[in-house]
Amino acid sequence: MVRLSMCASGKYSSRGPALIPRMKTKHRIYYITLFSVVLLGLIATGMFQFWPHSIESTADWSLDRRSVHDAPLIQLPVSNPIPERGDLSCRMHTCFDVYRCGYNPKNRIKVYIYPLQRFVDEGGVPISSTGLSREYNGLLSAISDSEFYTDDVTRACLFVPSIDVLNQNSLRIRETAQALAMLPRWDKGMNHLLFNMLPGGPPDYNTALDVPRDRALLAGGGFSTWTYRQGYDVSIPVYSPLSADVELPERQPGPRHYFILSSQTAIHREYRAELERLKEENGEALLLLDKCSNLSQGVASARKRCYKGQVFDYPQILQESSFCVVLRGARLGQATLSDVLQAGCVPVILADSYILPFSEVLDWKRASVVIPEEKLPEMYTILKSIPHRQVEEMQRQARWFWDAYFSSMKAIGMTTLQIINDRIYPYAARTYEQWNNPPVVKWLSVNSPLFLPLIPPRSPGFTAVVLTYDRIESLFRVITEISKVPSLAKLLVVWNNQNKSPPEDSLWPKIAAPLKVVRTKENKLSNRFFPYDEIETEAVLAIDDDIIMLTSDELQFGYEVWREFPDRLVGYPGRLHLWDHEMGKWKYESEWTNEVSMVLTGAAFYHKYFNYLYTYKMPGDIKNWVDAHMNCEDIAINFLVANITGKAPIKVTPRKKFKCPECTAIDGLSLDQTHMVERSECINKFASVFGTMPLKVVEHRADPVLYKDDFPEKLKSFPNIGSL
């Protein structure tokens, strides 16, 4: 070993010790060349992978570039295979390949539309008598213009044939099935989507498309519970051509000239006989229309309806009724439903086993009344039992459903794709509220004003903001009580009296949390919602200087509830807004009821973001109105939060009112006899400014889990909860 070491030392002594022998020149050239080839191969692979390209498509799908007549002609041999009828057991996890969709940052599926082709049989007869309809053309164009579309077939998750099967009446069933099977990526219909609105044909009128389609998804207009594959197919509306031809201005919800209206012309004679009997019993409250037989030449019969020789414009007449009957015809799905929704008339649907359009995501109880067919004789009584306010909400919701999901082939197509998209990317799916709540005014173009990933952490606590004028003794008691709350981070006193200085520092209660006094320049109620720099926590407790009755347990519990719902107002006494039908306006209700739409901000938790909205983004002159009337700042922020979030406040604990033993009619604003009248005026004023009534009504409150349980008090987290 010594000799070998010495030899090595002598051999490389001129260059120092070497661990790797020097590479021969020819070997070095070889390895450099090999490395260069591998590197170029990787670069080429990356460019091919990420450079926009297409194997089976060379241009975007567009009828503008290729007319129907210019589309290539494809002849279908008689021996061509026919797909299977359709697997009723198909679900997304058995008949859909989600791995084709993959992951993408936008959580959006990619949809490929097959190039337009004209299919004919061996005799040259087309598979469809109508070719490409205007409606299907509009649907495909909408998809091609959307963010779902891709012209790269290799990246597609969903495939839409350019074969129009919207109306089964125009199809040759066998040949259409053969054409589908010839599509290059058909693969037994896997990940293919067909749109059909008029399924079946005489005499039985099947409720699903009769064309054999293997495992393809079906967006169908007229599914029954027997043919609908839940979670796989999509129930879509039957598009009404009148949507494109007639523009009905939105009508304000409320009572209409007629209570019930029936406008369908092809009603089964038994149903019509029952409707006529209801007409006899209820007189002018029910209008029973039928097709017109005495129209002048050239007048479109589809746009007219008649009753005993009197002619009505259709669908305009639908806006004159509170409820509109939608009965099943030969098919379950009826275009009348779309016309009724457009008119803002509440549809009364009598079609047993009918799967309502987009019912996977839409809550039809909010926009319609579904009655079993056997209950048709009781229809008038059933509808009369619905409260006026609920009818108005349903009218509003019906019109919004039409605007958002029924108004065009584009709306129908985009809704269908979004539903499928939500199934594939459930973690990024739309919420119930997003599907069913009409959009409200959203500042800063955000859905939620908080941007909180889960819930705010407990550690920062909350900042208590106390608005005061000159009730020193009461103020000090409030400060002392609040200081007992474990989660209090800071206490901010807003001194609203410009004619009197706050007490000296030595006189203030000694508390563990930091205490800061802010003096205002003017005596305004809106000062309580100003975004002070001293507020460093996300949670804010707005509290009056006379609220001495709340216990530390109540306040701590309110904060814990707010942490679970940081976009809500969380308060104690609840209040309600009601519609006065006799006066035709809103009124403020403070009596004990089963419902709540507001919480008093005499003590309420909220996110500090709403201070900015209240101060800088409050609509109209609401803030000035509040300051001028020295009232209703709590109603104003209830309006604001409900409008921006679309959610109701949360009432916590049983307390119904604030009792102030030291307050008198002189210094207690809420005891003024004109107070209630002015509060009602505020609600009507604010609703007028907002252009809507954003307040939401709920019938629940939050209490501690063991609040009423017969359980040792010392084992309860919040044992000291006030009763009133």
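It should be emphasised that the depicted structure is a prediction, and the values quoted were computed from it without experimental measurement. (Residues numbered from 1 in each chain as written. Predicted model: local features only at pLDDT ≥ 70, side-chain atom pairs only at ≥ 80, totals over all residues. Heavy atoms only, no water.)

### Focus on the sheet that holds strand 13 (residues 346–350)
An order of 9-8-12-13-14 is seen for the five strands of this open sheet, with the pairing classed as parallel. Of all strands in the sheet, those with a lone pairing partner are strand 9 (286–288) and strand 14 (369–370), marking the two edges. Sheet analysis places strand 13 next to strand 14, joined by two bridges and oriented parallel. Residue isoleucine 349 lies in a different strand from strand 14, and its bridge partner there is valine 370. Across the sheet, helix 10 (residues 388–406) touches strand 12 (321–327), strand 13 and strand 14, and the angle it forms with strand 13 is around 90°. (Pairing = 2+ DSSP bridges. Helix = DSSP H or I, 4+ residues; strand = E, 2+ residues; numbered from the N terminus. Contact = heavy atoms within 4.5 Å. Axes fitted to C-alpha atoms, helices over the stretch in contact; angles between N-to-C directions.)

### Quick notes on the packing of aromatic side chains
Under the defined criterion, the tally for this structure stands at 26 aromatic pairs. Considering the side-chain rings of tyrosine 405 and tryptophan 435, the 5.8 Å spacing of their centres and the 40° angle between planes classify their relative orientation as tilted. Of this pair, tyrosine 405 sits in helix 10 while tryptophan 435 sits in helix 12 (residues 432–436); the two residues are 30 residues apart in sequence, bridging distant segments of the chain. Residue tyrosine 405 is classed as buried on the basis of its relative accessible area, which comes to 4%. Three or more aromatic residues joined by ring pairs make a cluster, and in this case those are Phe358, Trp364, Trp400, Phe401, Tyr405, Phe406 and Trp435. Above the ring of tyrosine 314, the side-chain terminus of arginine 305 is found at 3.9 Å from the ring centroid. Positioned above the aromatic ring of phenylalanine 259, the side-chain terminus of lysine 384 is 4.5 Å from the ring centre. (Phe/Tyr/Trp six-rings, centres within 6.5 Å; stacked < 30°, edge-to-face > 60°. Buried < 20%, exposed > 50% of the residue type's maximum accessible area, 1.4 Å probe, protein only. Lys NZ or Arg CZ within 6 Å of the ring centre and 35° of its normal.)

### Overview of the sheet that holds strand 23 (residues 603–607)
With respect to topology, eight strands assemble into an open sheet ordered 17-16-15-18-23-19-24-25, the strand pairing being mixed. Two strands in the sheet have a free side with no partner beyond their single neighbour: strand 17 (515–519) and strand 25 (701–702). Across five bridges, strand 18 (residues 539–544) lies against strand 23 in antiparallel orientation. The residue bridging alanine 539 from the neighbouring strand is histidine 607, located in strand 23. Against the sheet, helix 15 (residues 609–616) makes contact with strand 18 and strand 23, and its axis sits at roughly 95° relative to strand 23, the strand it touches most.

### With respect to the state of the cysteines
By the definition in use, this model includes five disulfides. There is a disulfide in this structure between cysteine 324 and cysteine 345, and the S-S distance comes to 2.2 Å. Residues cysteine 324 and cysteine 345 are joined by a disulfide whose S-S torsion is about 105°; by sign, that bridge is right-handed. Note that cysteine 324 is positioned in strand 12 and cysteine 345 in the loop between helix 8 (336–342) and strand 13, a separation of 21 residues in sequence. Cysteine 324 sits in the buried class, given a relative accessible area of 1%. (Disulfide = S-S within 2.5 Å.)

### Re the UniProt feature "coiled-coil region" (unreviewed entry) in the chain
The sites that carry the UniProt feature "coiled-coil region" (unreviewed entry) are, in the present numbering, residues 261–288. As annotated, residues 261–288 comprises 50% helix and 18% strand, and the C-alpha atoms at either end are separated by 6 Å. (UniProt positions renumbered as here; feature names shortened; annotations may be inferred.)

### Some points on the packing of helix 10 against helix 11 (residues 409–424)
Relative to each other, helix 10 and helix 11 sit at 80°, their axes nearing to 7 Å. Comparing their axes, helix 11 and helix 10 come out roughly perpendicular. Contacts from Ala404, Tyr405 and Phe406 in helix 10 reach Ala411, Ile412 and Thr415 in helix 11. (Parallel < 35°, antiparallel > 145°, perpendicular 65-115°, else oblique.)

### Some points on the confidence of the model for the chain
With 84% of its residues at a pLDDT of 70 or more, the chain shows a mean pLDDT of 85. Counting interchain partners and residues more than four positions distant, the pLDDT-below-50 stretch residues 441–449 has 17 contacts. Note that pLDDT drops below 50 for residues 660–671; the model gives that stretch 15 contacts with residues more than four away or on any other chain. (pLDDT = per-residue confidence, 0-100.)

### Describing the pattern of salt bridges
The full count for this structure, using the stated rule, is 32 salt bridges. Here arginine 100 makes a salt bridge to aspartate 187, at a shortest N to O gap of 3.8 Å. Remark: aspartate 187 occurs in the loop between helix 5 (173–181) and strand 5 (193–196) and arginine 100 occurs in the loop between helix 3 (92–95) and strand 2 (111–113); sequence separation between them is 87 residues. Take arginine 100: its relative accessible area is 28%, and that puts it in the partly exposed class. Here aspartate 187 falls in the partly exposed class, since its relative accessible area comes to 46%. Measuring nitrogen to oxygen at the nearest pair gives 3.7 Å for the salt bridge that ties glutamate 536 to lysine 490. Here the residue glutamate 536 occupies a position in the loop between strand 17 and strand 18, and lysine 490 occupies one in strand 16 (residues 488–495), the gap between them amounting to 46 residues. (Salt bridge = Lys/Arg side-chain N within 4 Å of Asp/Glu carboxyl O.)

### Describing unusual backbone geometry
With the exception of glycine, the majority of residues adopt a negative phi angle, and the majority of peptide bonds are in the trans configuration. For the bond running from proline 202 to proline 203, omega is 5°, close enough to zero to count as cis. The peptide bond linking tyrosine 314 to proline 315 adopts the cis configuration, its omega dihedral lying at 10°. The phi torsion at phenylalanine 358 lies on the positive side, around 55°, for a residue other than glycine. Considering the arrangement of structural elements, one finds phenylalanine 358 in the loop between strand 13 and strand 14. Notably, cysteine 632 is not glycine yet its phi reads approximately 75°, a positive angle. Tracing the backbone through its elements, the reader meets cysteine 632 in the loop between helix 16 (622–629) and helix 17 (633–645). In this structure cysteine 632 comes out as buried when scored by relative accessible area, which is 0%.

### As for the pairing of strand 1 (residues 73–76)
On any regular strand, side chains alternate: one points to one face of the sheet, the next to the other face. Only one face of strand 1 is covered, namely the face carrying Ile74 and Leu76; the face carrying Leu73 and Gln75 is uncovered. The sheet contact formed by strand 1 and strand 3 (residues 118–121) spans four bridges and is parallel. In the strand pairing of strand 3, leucine 73 is matched with arginine 118.

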